[in-house]
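# Analysis of the macromolecular model
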Amino acid sequence: MATPHIAAEPGDFAPAVLMPGDPKRAQRMAALLMPDAKQVTDVRGIGGYTGTYQGKPLSIMASGMGQPSLAIYATELYSFFGVERIIRVGTCGGLSSSVKAGDVVVAIGAHTDGVLNTQLCPGINFSATASWPLLKAAMEAAGDDPAVKVGPVISRDRFYGVPVEESERLASLGTLGVEMEAAGLYGIAADLGKEALAVLTVSDHIFDETQNMTAQERETKFEKALHIAAAAALS
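### Considerations on the overall build of the protein
In terms of helices and strands, the protein carries seven helices and nine strands. Taken over C-alpha atoms, the radius of gyration comes to 17 Å for the protein, in line with the 18 Å a tight globule of 235 residues would show. Considering only C-alpha atoms, the protein reaches an extent of 45 × 40 × 30 Å along its principal axes. Relative to its 235 residues, the protein shows a buried fraction of 52%. For the protein, the proportion of contacts with a sequence separation of at least 24, taken over those separated by at least 6, is 76%. For the protein, the accessible surface area stands at approximately 10,600 Å², while carbon and sulfur atoms represent 56% of it. In the protein, the 18 positive side-chain charges and the 26 negative ones have mean positions that sit 3 Å from each other.

Below, the structure is given as structure tokens:
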């Protein structure tokens, strides 16, 4: 049964979905992990692919940018297509001095300046956290790699015009990176009784522009995060 934003049928998606933001990145990830991948949806250019990875079914689908866009696709996948776990595989900007471009951040939780999660339990500051089984599996897959860090991120609604003092304060509170989707994904998963995680490649650093990756590097230097996410998804 197709939904307004996903032109697929029941069974077209695996129980586990990897979710980058960029549709082109989703296509590259599918080709890299699953030579047998088939496209199962392409509404509004947001491609979804299903195949097998290490003998198990796996799907990859883009989310677009921002929590509202991700919320549409995650809600439909969880609610209508039998998806049990979604792992965001994207990029983030480094905030903490303990991370640098090329590192991988596994987001244990996600602060946010967005309003999506305020509707979950009015009057309560909801804690947007990852699912423990996925978090544990991701860290086991990462092993002792010192370039893989676990900690909180901030999911912002704004890309430009963020006060630098806010970023400095978040860094001082142990926030590793800034991105735009994880908090929304964690909130939706909690609301629907599903699992979620974000595994992010640090593509630049907010306080050190010399670390910034090029646009091409942002598109291609995601393999470490991808394999960690895939291992967790199929754990």
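Structure's up, so let's keep going.
### Concerning the side chain of T41
On the secondary structure map, T41 appears in strand β2 (residues 38-41). Engagement of the side chain of T41 in a polar contact is seen with the backbone nitrogen of A7, the distance being 2.9 Å. Those residues within four positions of T41 in sequence are excluded, and the remaining contacts are H5, I6, A7, F13, I46, G47, G48 and M61.

### A word on the pairing of strand β5 (residues 85-94)
Burial analysis of β5 places nine of its 10 residues in the buried class, the great majority of the element. Relative to β5, strand β1 (residues 16-19) runs parallel, the two sharing four bridges. The partner of V17 across the bridge, within β5, is I86. In terms of strand pairing, β5 meets strand β8 (residues 177-179) through two bridges, oriented antiparallel. Looking at β8, one finds that G93 is bridged to V178.

### Some remarks on the pattern of salt bridges
By the definition in use, this model includes 10 salt bridges. E84 is the partner of K194 in a salt bridge, and the nearest nitrogen-oxygen pair spans 3.1 Å. In this pair, K194 is assigned in the loop between α5 (182-192) and β9 (195-205) and E84 in the loop between α2 (67-80) and β5, connecting sequence segments 110 residues apart. Here E179 makes a salt bridge to R88, at a shortest N to O gap of 2.8 Å. Taken together, the positions of E179 in strand β8 and R88 in strand β5 put the pair 91 residues apart, joining distant regions of the chain. A relative accessible area of 4% means that R88 is categorised as buried. A single salt-bridge network, built from bridges that share partners, covers R88, E179 and E181.

### Description of the nonpolar core
Counting 69 residues, the largest nonpolar core has F13, L18, L77, I87, Y186 and L197 as the members making the most contacts within it. Of the residues forming this core, the biggest block, seven residues, is contributed by helix α7 (residues 223-233). Non-local contacts of Y186, meaning those with residues more than four positions away in its chain, are made with A107, I108, G109, A110, A128, T129, A130, A196, L197 and A198. Counting residues in hydrophobic clusters, the runner-up holds five residues, among them L95, I154, L170 and A171.

Parameters and conventions
- Residues numbered from 1 in each chain as written.
- Predicted model: local features only at pLDDT ≥ 70, side-chain atom pairs only at ≥ 80, totals over all residues.
- Heavy atoms only, no water.
- Helix = DSSP H or I, 4+ residues; strand = E, 2+ residues; numbered from the N terminus.
- Rg over C-alpha atoms; globule rule 2.2 N^0.38 Å.
- Buried < 20%, exposed > 50% of the residue type's maximum accessible area, 1.4 Å probe, protein only.
- Contact = heavy atoms within 4.5 Å.
- Areas by Shrake-Rupley, 256 points an atom, 1.4 Å probe, with all protein chains shown as cover.
- Lys, Arg positive; Asp, Glu negative; His and termini not counted.
- Charge placed at Lys NZ, Arg CZ, Asp CG, Glu CD.
- Polar contact = N/O pair within 3.5 Å; in protein donor to acceptor, adjacent residues only side chain to side chain.
- Pairing = 2+ DSSP bridges.
- Salt bridge = Lys/Arg side-chain N within 4 Å of Asp/Glu carboxyl O.
- Core = buried A, V, L, I, M, F, W, Y, C linked by side-chain atoms within 4.5 Å.

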